[in-house]
Amino acid sequence: RCSCRASGGGLVQAGDSLRLSCAASGRILSSWIMGWFRQAPGKEREFVAAMRWSNGNTKYADSVKGRFSISKNSAEHTAYLQMNSVKPEDTAVYYCAASSQFSTQGNEYFRWGQGTLVTVSS
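Residues numbered from 1 in each chain as written. Predicted model: local features only at pLDDT ≥ 70, side-chain atom pairs only at ≥ 80, totals over all residues. Heavy atoms only, no water.

## Details of the overall build of the chain
Within the chain, the regular secondary structure consists of 0 helices and 11 strands. The C-alpha radius of gyration of the chain comes to 13 Å, within 12% of the 14 Å expected for a compact globule of 122 residues. Its C-alpha atoms give the chain principal-axis dimensions of about 40 × 30 × 25 Å. In the chain, which comprises 122 residues, the share counted as buried stands at 39%. Taking all contacts inside the chain whose residues are at least 6 apart in sequence as the whole, residues at least 24 apart take part in 56%. Separation of charge centres in the chain, based on 14 positive and 8 negative side chains, amounts to 9 Å. (Helix = DSSP H or I, 4+ residues; strand = E, 2+ residues; numbered from the N terminus. Rg over C-alpha atoms; globule rule 2.2 N^0.38 Å. Buried < 20%, exposed > 50% of the residue type's maximum accessible area, 1.4 Å probe, protein only. Contact = heavy atoms within 4.5 Å. Lys, Arg positive; Asp, Glu negative; His and termini not counted. Charge placed at Lys NZ, Arg CZ, Asp CG, Glu CD.)

Listed below in structure tokens is the structure:
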């Protein structure tokens with residue numbers, strides 16, 4: 001169990017880069033999965049990326065593959081989402097959370113924290 005707080009969002013232009021951070025408080029187990037999700041206004045939450053904490057193995061949604069990259073700083077209990085070549089359709093509130101298994105389903109994750117808004121202008 002942990003509390004995950006996403007930060008680093010802001011207003012950017014299409015083609016820009018942005019790095020989001022996820023600060024995980026509480027005890028972290030090496031088997032946990034750290035996941036990134038996003039929710040655009042008026043739309044359902046969708047999977048973005050996930051990483052196994054122990055070895056850094058990652059999975060990405062097709063919509064962000066090749067543009068986004070997830071990483072970690074174990075000593076600081078922080079996960080990152082590097083967003084490159086952003087598009088207007090990337091505009092959403094981004095959240096991070098933890099899971100016991102690799103999954104693209106939000107209901108498999110727990111300890112949802114505050115999200116951070118990313119707005120991409122064309």
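## Thoughts on the confidence of the model for the chain
Averaged over the chain, the pLDDT score is 92; the fraction of residues at 70 or greater is 97%. No element of the chain has a lower mean pLDDT than strand E1 (residues 3-7), at 85, and none a higher one than strand E2 (residues 11-13), at 98. (pLDDT = per-residue confidence, 0-100.)

## Some thoughts on the nonpolar core
Where a protein is soluble and globular, its nonpolar side chains tend to be buried together. Formed by 35 residues in total, the largest nonpolar core has its most connected members in Leu20, Trp36, Val48, Phe68, Leu81, Met83 and Tyr94. Residue assignment for this core shows that the elements contributing at least two residues are E1, strand E3 (18-25), strand E4 (33-39), strand E5 (46-52), strand E7 (68-73), strand E8 (78-83), strand E9 (92-99) and strand E11 (116-121). With residues near it in sequence (within four places) discarded, Phe68 still touches Arg38, Val48, Tyr60, Leu81, Gln82, Met83, Asn84, Val86, Asp90 and Tyr94. (Core = buried A, V, L, I, M, F, W, Y, C linked by side-chain atoms within 4.5 Å.)

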